[in-house]
Amino acid sequence: MHERLAELKRAYEATPVPPEVHAMIDDLCRRERPRPRLRLWRPVALAAACALVVFVVGINALPAVAESLEEVPVLGPVVRVLTIARYRLEEQGASARIDIAQITGLENQELEDAINAELRADGQALLAKFERDVADLKERFGEQETIRMAFETYYEVKRSDEEVFSLQVEYFWAAGGSDTQREYYNVNQRTGELVTLDALFAAGGDYLTVINDYLIAQMKAETREDGKSLYWVNDDDLEMDRFTGIEADHDFYINEAGRLVIAFDKYEVAPGYLGTPEFEIPTELITDLLAEDAPIR
Amino acid sequence: MTRDAFHEELSTYLKAEGDRIYRLAYSYMENEQDALDVVQTAVVKALSASPMRQPRYLKTWVYRIVVHTALDSLRARKRRVLSDDWALGDGADDPPLDAALDLRQALSRLPPDLRAIVILRYFHDLELREVAEVLGVNLNTVKTRLYRALRLLNVEMEDDHA
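What counts as what
Residues numbered from 1 in each chain as written. Chains lettered and ligands numbered in written order. Predicted model: local features only at pLDDT ≥ 70, side-chain atom pairs only at ≥ 80, totals over all residues. pLDDT = per-residue confidence, 0-100. Helix = DSSP H or I, 4+ residues; strand = E, 2+ residues; numbered from the N terminus. Contact = placed C-beta atoms within 7 Å. Pairing = 2+ DSSP bridges. Axes fitted to C-alpha atoms, helices over the stretch in contact; angles between N-to-C directions. Parallel < 35°, antiparallel > 145°, perpendicular 65-115°, else oblique. Nonpolar A, V, L, I, M, F, W, Y, C, P; charged D, E, K, R; others polar.

Right, let's talk about the confidence of the model for chain B for a bit. Residues and elements named next belong to chain B. Per-residue confidence for chain B gives a mean pLDDT of 76, with 72% of residues at or over 70. When mean pLDDT is compared element by element in chain B, helix H2 (residues 18–29) scores highest at 92, while helix H5 (residues 103–109) scores lowest at 71. Here residues 81–101 is a poorly scored stretch, pLDDT under 50, and it has 17 contacts once near neighbours within four places are set aside; other chains count. Taken as a whole, residues 157–162 scores under 50 in pLDDT and shows six contacts with residues more than four places along the chain or in a different chain. Among the scores for the predicted complex, ipTM is 0.76 and pTM is 0.52.

All names here are of chain A. Examined bridge by bridge, strand S4 (residues 150–160) and strand S5 (residues 164–175) share 10 bridges and lie antiparallel to one another. Counterpart to Thr-153 in the pairing with S5 is Tyr-171. In sequence, S4 turns back onto S5 through a hairpin of three residues.

This paragraph deals with the confidence of the model for chain A. Residues and elements named next belong to chain A. Summary statistics for chain A give a mean pLDDT of 78 and a share of 82% for residues scoring 70 or more. Looking at the elements of chain A, mean pLDDT is at its lowest for helix H3 (residues 48–60), recorded as 31, and at its highest for strand S9 (residues 260–263), recorded as 96. This stretch, residues 35–77, has a pLDDT under 50; its non-local contacts, to residues over four places away or in other chains, come to 40 contacts.

With that settled, the discussion passes to the packing of helix H7 (residues 128–135) of chain B against helix H8 (residues 139–152) of chain B. Residue and element names in this part refer to chain B. Between H7 and H8, the least distance of the axes is 9 Å, while the angle of their chain directions is 105°. Judged by the angle between their axes, H7 and H8 are roughly perpendicular. Together, Leu-128, Arg-129, Val-131 and Ala-132 of H7 and Leu-139, Val-142 and Lys-143 of H8 make up the contact between the two elements. For the contact of H7 with H8, the per-class residue count stands at five nonpolar, no polar and two charged.

What follows is the structure, given as C-alpha cells:
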C-alpha cells in the first residue's frame, strides 16, 4: 500500500472509540428481541378475560394514569375502537403520550382477540421503551439535564363500513431524529378475515408488477430542482436505498373511496422529510386482477 | 435461518465489531455524539430487520446500514445547518487539494462518496466488489471514484487499487 495511505490508515485506526459503544451495543442486542408478528394461522391461546387481568396488573405496576373506557369519535356503525388506557408521562422534558386501544364488534372474535393482543403488546412495548430510555439518559446525563424525547401513538380508522374495517396505528418517537412506524389492520367484514394483499387478488395474477410499475412511475414523476426524483428511485441512489418494489406483505389500507392505498414507513422510500408517503392505486389498473370478493371499488 | 438464530449471529457480530462500526460512523459524522447516534440507530435497524431481508453477507450488510444511516443523518444535519443560514459545502465543489495540506484534512475534505471508498477499501480492507455492494454502486463506478479520490489525495497511482 502507498505510504501516504498507510499513514492515513494508522491515523484512522487511532480514532478514539468511546467505551460506551460496547455497552450500548450489548444493551441493544439484549433489548431488541425479534418481535413475533401477528400470525393468523395459529390460534391465539390467550383467553380474553385472562388477558384483561394481566393487563390491569400491568397498568397498576406502572406510574401512570389509566382512565376508563373512552370512545374515539368518528367511527363507522358497527366496529368501535376504544381507548382503554392513556399514559401521559413527563419527566425532565421527556414526554410520553401513549394510548392503548382495543377493537370491539368484529364478527370474527378470534381475529379481534389476536389484533387486540397485538395492540396491547405493541403499546406496552413502546411505554416500556420510553421508561428504559429515560432511565438510561438520566443515568448518563444526570437528573438536571433536559431530556428531549417524545413517544406518541395515533390511531386512525381509515375505513369502517359493512365491507371493510381498516385501522392505522402509528407509533412515533423522537429523540434527536424521529421515526414513525405504522401498522395496518384490514378486515374484510363480509368474510371476517384479515385482508392481505394476496387475498385481494386472484391467484396467479402478477399484481405486484402492475402495482410496482405504477409506484415507481409516480415516484419518478416527483422531481427535485436537479430533475432527479425526490424518492429513492434514481440510478445513482444507494442500492440499499433504492426502491425496487413492494412485496406481498407490504403495508396497505383500503380508503373510504374503496381504493387500495400502499403506505410506506419513514425512510423506507425517501428521505425523512417526506414523512410517510402513501400512494392510492387507481382501481382501473388492477381491476382485471382482483379477487371476486375483494372489497375494492 | 430462524429469527432467533439470526439474532444470535448478528448480536455476536455486532459485539465483536463495535470499534470498526463506530469508526465507520465517525468517518462520516466527524464528531463523537453524532457517531454514537448513528451506531445506535444502525444497530437497532439491523436488529429489527425482517426475516425476509436477512442478508447473505453479514459484514457488507451491516456496513450498508451504517453508511445509509450516516448519510441520512448528514442530510438531516445539512438541512438544520442550512435553515440556520449557514452555507456549508460538502467539499464537492472545492478545487483539487494542495499537496501540502495535511493528509487527514485532505481525506475529510473529500466528497463523502469518494471518501467512503478510500475508507472501506484501505482502512476496512474490503475487496472492491464488497465496496460496491456496501455503497450500492457498480464495480466500475467504484474504480472510477477510487481513482478520482486517490488523485485528489495526491496519492501516486499504483496498480494495487484495481
